[in-house]
Amino acid sequence: MRTDFALVLTAALLLDTVWRNNGEHASKGPCRAGFSQSFYSVLISRDVLQDRAIVKDTTVSSQKVKFDDCMGNEAVDFQSSDPFFSVRADGSIFAKGQGASLEEPVQFKLTARGPHAHVWETVVQLALIDPPSPQQNENEVTKEEGKVAERKERKEAFQAPPPVIMFSGSRLNSSKGLRRQKRDWVIPPINVAENSRGPFPQMLVSIRSDQDQDISIRYSITGVGADQPPNEVFNIDPVLGKMFVTKPLDREHRSSYHLRAHAVDMNGNQVENPIDLYIFVIDMNDNRPEFKNQVYNGSVDEGSKPGTPVMHVSAFDADDNTTANGMVRYRILSQMPHSPIPNMFTINSETGDIVTVAPGLDREKVSQYTIIVQATDMEGNLNFGLSNTATAIITVTDINDNPPMLTSRTFSGEVPENRVDVVVANLTVIDADQPHSPNWNAVYRIISGDPSGHFTIRTDPVSNDGMVTVVKPVDFEMNRAFMLTVVVSNQAHLASGIQSSLQSTAGVTISVQDVNEPPYFPTNPKHIRFEEGVPAGTSLTTFSASDPDRLQMQQTIRYSKLNDPADWLSINRTNGQIITTAMLDRESIYVKNNIYEATFLATDNGSPAASGTGTLQIYLIDINDNSPALIPKESQICERMNRNVNGVNITAADADTDPNAGPFVFELPNFPTSIRRNWTISRISGDYARLGLRYQVYLEPGVYEVPVIVSDSGNPPLSNRSVIKVKVCPCDENGDCTTLGAVAAAGLGTGAIISILICIIILLSMVLLFVVWIKRREKERQTKQLLIDPEDDVRDNILKYDEEGGGEEDQDYDLSQLQQPDSLEHIMSKPPGVRRVDERPIIPESQYPIRAVVPHPGDIGDFIHEGLRAADNDPTAPPYDSLLVFDYEGSGSTAGSVSSLNSSSTGDQDYDYLNDWGPRFKKLADMYGGGDDD
């Protein structure tokens, strides 16, 4: 028994401890910004009154309005809707205006404004306290008894009768009612639980006036929920004053209602002042917590210490967050995988912050965790609270906690000498960090064995291997092998506490392969200087090459010419002596800037043979080997000196350079003597002179050849006798040759000019005669006679299309018989005998396409042409003359009858001109123009 009693006592103590811890934990819940209550009812002692008024800045009550913005309330400002009362920053209520009175209860709205445009509101009601009385002690609920009253209210909500609210100044005769002095009644708010199941309408409160015993009173309510949308949520019995709620309320839709109750007599006169009714909807736990996201993503570095923040999840509960219904708590339901332990993370039950709780995060083992988080209201009470879940995916991010390790301590490779950009060895490495990240990417360095920088190591971006590459040619004769020391690291530094591995360093042995290297010219290009004009066979220099393969057997070098643009040089095959084969000329087109360039080839006898090239540049020194040439070759001058004061400016061109070129000397020769007698040369500068006629010398217009001797400044100087053609012509006032003068100066005399004019006249006459002959021949063709006489020609009448009168008058035809029949039955039924000449004979014949019937055309010309074309192409057309009636155009035609045409070809008339009329008259030409053949 004692053991059982001890166990029970221990369990009770443990349970009490748990309850106390839960209570303390709940009291330290998350900060909820706002007022602690949505309605404050403050009772004020009459001691604060002085002559029925409250002095300005007097604190009216020790009870305070509690507010917290979760930021220290440093920038919170309270604003009151009442001009006499307000609230200080510490929550105390004071009189801000002189003469504030509380003879009647005062109610005002209090607004709190935060620093980030947040606004919170509450309602404060002030009323004076009466002297203590038994009835008051029974009915008024003070602040100290609030908790007890709240518990009783929950237990007796459906048992206690609805309260009766009396208008100000009312007295309730019932012994159970309240007995209040005028204006001392403070109306408490009416609390209604949301989601009530009814039955509806459900009575909330009864409103009465103490004058209802003397007169008939009618009660009504106004405000949102009564006569304003949403309408008819509340109604009142106008006679009994009982107020009802008509349907379930939803706090999440609207948490409170403010109504006014009115009392009037039967005439509508106000009996009592309206009273304010505040109805608060009591929250019920009818909403589950909702996560903002169903999946949350977070990350944490591998190797993180316990307590490292990972991520934050949050859920929102639409219920009242000032009650347990809206207080959400979090917990972790599961973790996958369970490596290294099942509980690698924990969550703050109030804030939703997930942190690490244990060491051992290793991305190389587990790269991602999936956590199921549960949010429960009712402060996490799983028995009464509602829950919801979300998924948190935590990615373990990589840190450089694994140094790269080479797969071998030694590597080897070989490279031919004189080769570059070739990979000679491949270094493989292993790194457990995340591929293709700075923690994985390898960086290779050569720390010894290559002082001249012949090699570098490039990283393969795909495999992360190191490729040892030659960047500077190696020489077998200088180094036969290289011993490199290579170290590998990552782009990112190793994590704190991680040491480099011994396998991060390796040796690389590179062997150099000997190859037959080509001979080379020690001086390349080689420069020499010679005067131009040296004769063929002159030895210029010896252009020899060296063989770099000194360690092998001595090889023989042979020389040859590779490029000699002017073919001036030759080279000795064995010793490389350069000899001229022609005279060197500086003025040759193959010489650029006084330098002649030739290329030679040196080839050894190795296996395989190798060759090298060398360039010889010969600087040619100029000698005076070119005489100057006169410029210009032609010019013109006025026939009189006074009209050509300037003369002709002349100069010279010399292929040589200074000092073998200018200044030049210009002279007139002594022979013939007329040159010096008519012409003169005056010096302008070292390179220019002026050629002109002597004063008062007159020459006839024409072209004169004036010889001039030009000498350069070489040593010895060279001279050249050049001829300039000077055109002498009469000039106008501007000094320009006139047109006639230019012709005369060109050498054409009067006889030549007359001959040219006669030729032009003859040519024009021939053109005129040809035109006249063409016109005459055309006229002769037009004057030829037609087939019939002019008076019988009916073509003129045919050209007049708009004349509807006329017709055939020489015979009386029945035109109706000439119309084309619709069928051939009446023709087939006629007896054999004489037929009409315009009827088609019924005889066996070849089947040809029937000509299309042309409707009445609008253009008679097109109609005639179409009929003519059909007749020409129809092989079944009768070869006899017949009357073809195309259309009836009335009587009165002035044309003769077409039947009067004679089909015989008797007569002397020539019909050969029908052949010129084209293919339309070909049949007629064959009939009449055949001659004797017909």
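Visitor: Which residues make up the overall build of the chain, and what values do they have?
Guide: Looking only at helices and strands, one finds 10 helices and 52 strands in the chain. Within the chain, the proportion of its 934 residues that are buried is 32%. Of the contacts made within the chain by residues no fewer than 6 positions apart, 66% connect residues no fewer than 24 positions apart. If you sum the accessible surface of the chain, you get close to 57600 Å²; carbon and sulfur atoms cover 52% of it.

Visitor: Please give an account of the pattern of salt bridges that cites residues and values.
Guide: Two side chains of opposite charge can pair, provided their charged atoms sit close to one another. Counted by the stated rule, this structure contains 14 salt bridges. The shortest N-O distance in the salt bridge between D564 and K561 comes to 3.3 Å. Across the pair E587 and R586 runs a salt bridge whose closest N-O atoms are separated by 2.9 Å. Under the relative-accessibility criterion, E587 is labelled partly exposed at 22%.

Visitor: Explain the nonpolar core to me, using residue names and the numbers behind them.
Guide: Generally speaking, a soluble globular protein has its nonpolar side chains buried in company with each other. Counting residues in each nonpolar core, the largest one holds 27 residues, and the members touching the most others are I207, F234, M243 and L277. At the level of elements, β13 (190–193), β14 (202–208), β15 (218–223), β16 (234–236), β17 (242–245), β18 (256–264) and β19 (270–282) are the ones that each hand at least two residues to this core. When residues in this core are grouped by element, the largest group, 5 residues, is from β19. Look past the residues within four positions of F234 in its chain and what remains in contact with it is L204, I221, G225, A226, F244, V245, L249, Y257, L259 and I279. One finds I44, A112, W120 and V124 within the second-largest nonpolar core, a separate group that totals 26 residues.

Visitor: Outline a nonpolar patch on the surface, listing residues and values.
Guide: Where nonpolar side chains cluster on the molecular surface, the patch consists of L763, V767, F770, V771, W773 and I774 and spans about 610 Å² of accessible area. For I774, a relative accessible area of 39% gives the class partly exposed.

Visitor: Any details on the sheet that holds β16? Residues and values, ideally.
Guide: With respect to topology, 4 strands assemble into an open sheet ordered β12-β14-β17-β16, the strand pairing being mixed. Each edge of the sheet is formed by a strand with only one pairing partner; in this case those strands are β12 (164–166) and β16. Between one strand axis and the next, the sheet turns through 25° on average, direction left out of account. Relative to β17, β14 is paired through 4 bridges, and the arrangement is antiparallel. Within the sheet, the bridge partner assigned to M203 lies in β17 and is F244.

Basis of the calculations
- Residues numbered from 1 in each chain as written.
- Predicted model: local features only at pLDDT ≥ 70, side-chain atom pairs only at ≥ 80, totals over all residues.
- Heavy atoms only, no water.
- Helix = DSSP H or I, 4+ residues; strand = E, 2+ residues; numbered from the N terminus.
- Buried < 20%, exposed > 50% of the residue type's maximum accessible area, 1.4 Å probe, protein only.
- Contact = heavy atoms within 4.5 Å.
- Areas by Shrake-Rupley, 256 points an atom, 1.4 Å probe, with all protein chains shown as cover.
- Salt bridge = Lys/Arg side-chain N within 4 Å of Asp/Glu carboxyl O.
- Core = buried A, V, L, I, M, F, W, Y, C linked by side-chain atoms within 4.5 Å.
- Patch = residues over 30% accessible without salt bridge, like charges linked within 9 Å, V, L, I, M, F, W, Y side chains within 5 Å.
- Pairing = 2+ DSSP bridges.
- Axes fitted to C-alpha atoms, helices over the stretch in contact; angles between N-to-C directions.

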